[in-house]
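Observations on the three-dimensional arrangement
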Amino acid sequence: MRIIFAGTPQAAVPTLTALIASPHDVALVVTRPPARSGRGRAMRPSAVAQCARGAGLAVLETASLKGEEAAGAIGAVGADLGVVVAYGGLVPPDVLAMPAHGWVNLHFSDLPRWRGAAPVQWAVLSGDPTTASCVFALEEGLDTGPVYSREPFTIGHETSGELLDRMAAAGGAQVLACVDSLAAGTARATAQSDRGATRARRLTVADGYVSFDEDALATDRRVRAVTPNPGAWTLGPGGGRIKLGPVTAAPDRGLRAGQVEAGKRDVHVGCAQGCVRLGSVAPAGKGWMDAAAWARGARLAPGARMGGTEGAPR
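Rules behind the numbers
- Residues numbered from 1 in each chain as written.
- Predicted model: local features only at pLDDT ≥ 70, side-chain atom pairs only at ≥ 80, totals over all residues.
- Heavy atoms only, no water.
- Pairing = 2+ DSSP bridges.
- Helix = DSSP H or I, 4+ residues; strand = E, 2+ residues; numbered from the N terminus.
- Axes fitted to C-alpha atoms, helices over the stretch in contact; angles between N-to-C directions.
- Parallel < 35°, antiparallel > 145°, perpendicular 65-115°, else oblique.
- Left-handed = near helix turned anticlockwise from the far one by under 90°.
- Contact = heavy atoms within 4.5 Å.
- Nonpolar A, V, L, I, M, F, W, Y, C, P; charged D, E, K, R; others polar.
- Buried < 20%, exposed > 50% of the residue type's maximum accessible area, 1.4 Å probe, protein only.
- Polar contact = N/O pair within 3.5 Å; in protein donor to acceptor, adjacent residues only side chain to side chain.
- Arc of directions from axis to C-beta.

**Focus on the sheet that holds strand β19 (residues 289–290)**
- Taken in spatial order, the 4 strands line up as β12-β13-β18-β19 in an open sheet, and their pairing is antiparallel. Each end of this open sheet is capped by a strand with a single partner; those strands are β12 (232–235) and β19.

As structure tokens, this is what we get:
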């Protein structure tokens, strides 16, 4: 197979690596342009661009596949198949029709559940006990195409970043098996039903706000869902922003929602039901530290509370 690969973040790299090591020919890699990241906010190429260039592959960096330049470059390849893993943009109909065997997409959800941009985050946020990665035929609808393969995963007490890493690492072999079966003419796809379909919109900074007005399990899930992106945060006593690392639901300690109980080694915060034990925190303008160290330095008053409505903290 002569392949066009489209992807951008680190989660797409295992699949690209598997295709590079296979007998198939990765003729062009399409990825998003360099973006600012890290300390200093320097412009950096995507993880996929770095991997592709390291392997000596042709790279097209473009924010959209709708323009004539992108369509012309893709059409000139004469590809048999397009493979997409988290590219970050839609493939327009004219480009969808270019490869002889169309395009396949590795999507990190148990389709039709969590169609959209943030399937892993929404699975964690919603408390799903299991999920799956699906390789499906790309079409004009949002993640609606027939499914070639499904790889199940159990969701443990992990962040969305940790779960995505697990799924991405297994995705290379899953996609390669699909490509091999398409090349052999043995691939079979099962049509999706819209019954049970849910949408996974991209999460925002506002979704990462922890008010402690949910129960302890929901608070735990919210923090894990937005870790590492867009990140969990709350309002500390006095109203300053505090970033939150993963928390752990704990037995009820008789605390009101948002009430802080600081011990020598642990810091607990009350929720609508139950409480959570804080892990690492990062007060505004400071680096990450253990929650107990933060509490000692903050010299919290008895009955101090966190969360509440931004602008009107408890």
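The rest of the description comes next.
**Comments concerning the packing of helix α1 (residues 13–20) against helix α6 (residues 160–184)**
- Their axes nearest at 7 Å, the elements α1 and α6 cross at an angle of 40 degrees. Between α1 and α6, the angle is such that the two are oblique. Between α1 and α6 lies a crossing whose hand is right-handed. Of the residues in α6, those in contact with Pro14, Thr15, Ala18 and Leu19 of α1 are Ala168, Ala169, Gly171, Gly172, Val175, Leu176 and Val179.
- Counted by class, the contact of α1 with α6 contains 8 nonpolar, 3 polar and no charged residues.

**Structural notes on the packing of α1 against helix α2 (residues 47–54)**
- Remark: α1 packs on α2, axes separated minimally by 10 Å, with the N-to-C direction vectors making an angle of 20 degrees. Accordingly, the angle class assigned to the pair α1 and α2 is roughly parallel. Of the two elements, α1 crosses α2, and the hand of that crossing is right-handed. Seen from α1, the contacting residues are Val13, Leu16, Thr17 and Ile20; seen from α2, they are Ala47, Val48, Cys51 and Ala52.
- The residue makeup of the contact of α1 with α2, split by class, is 7 nonpolar, 1 polar and no charged.

**As for the pairing of strand β6 (residues 81–85)**
- Of all the 5 residues making up β6, 5 are buried; the element is thus mostly covered by neighbouring parts of the structure.
- Burial of β6 is two-sided: the residues Leu81, Val83 and Val85 facing one way and the residues Gly82 and Val84 facing the other way are all buried.
- Of the strand pairs in this sheet, β6 and strand β7 (residues 103–107) are connected by 3 bridges, and their pairing is parallel. Across the sheet, glycine 82 pairs through a bridge with tryptophan 103, a residue of β7.

**Digging into the environment of glycine 72**
- Positionally, glycine 72 belongs in helix α3 (residues 68–75).
- Considering only alpha carbons, one finds glycine 72 and proline 119, 47 residues apart in sequence, at a separation of 31 Å.

**Looking at the environment of glutamine 174**
- Among the secondary structure elements, glutamine 174 is positioned in helix α6.
- It is 8.6 Å that separates the C-alpha atoms of glutamine 174 and leucine 106, two residues lying 68 residues apart in sequence.
- Leaving out residues up to four positions away in the same chain, glutamine 174 has contacts with Leu106, Ser133, Cys134, Val135, Ser149, Arg150 and Glu151.
- Of note is the side chain of glutamine 174, whose polar atom sits 3.1 Å from the side chain of serine 149.

**Some thoughts on α3**
- Along α3, the residues that are buried comprise Ala70, Ala71 and Ile74. For α3, the buried positions fall inside an angular range of 95 degrees around the axis, keeping them on one side. Opposite its buried face, α3 presents the exposed residues Glu68 and Glu69, each directed more than 90 degrees away.
- In this structure, the buried side of α3 is in contact with β1 (2–7), β2 (25–31), β5 (59–61), α4 (93–96) and β7.

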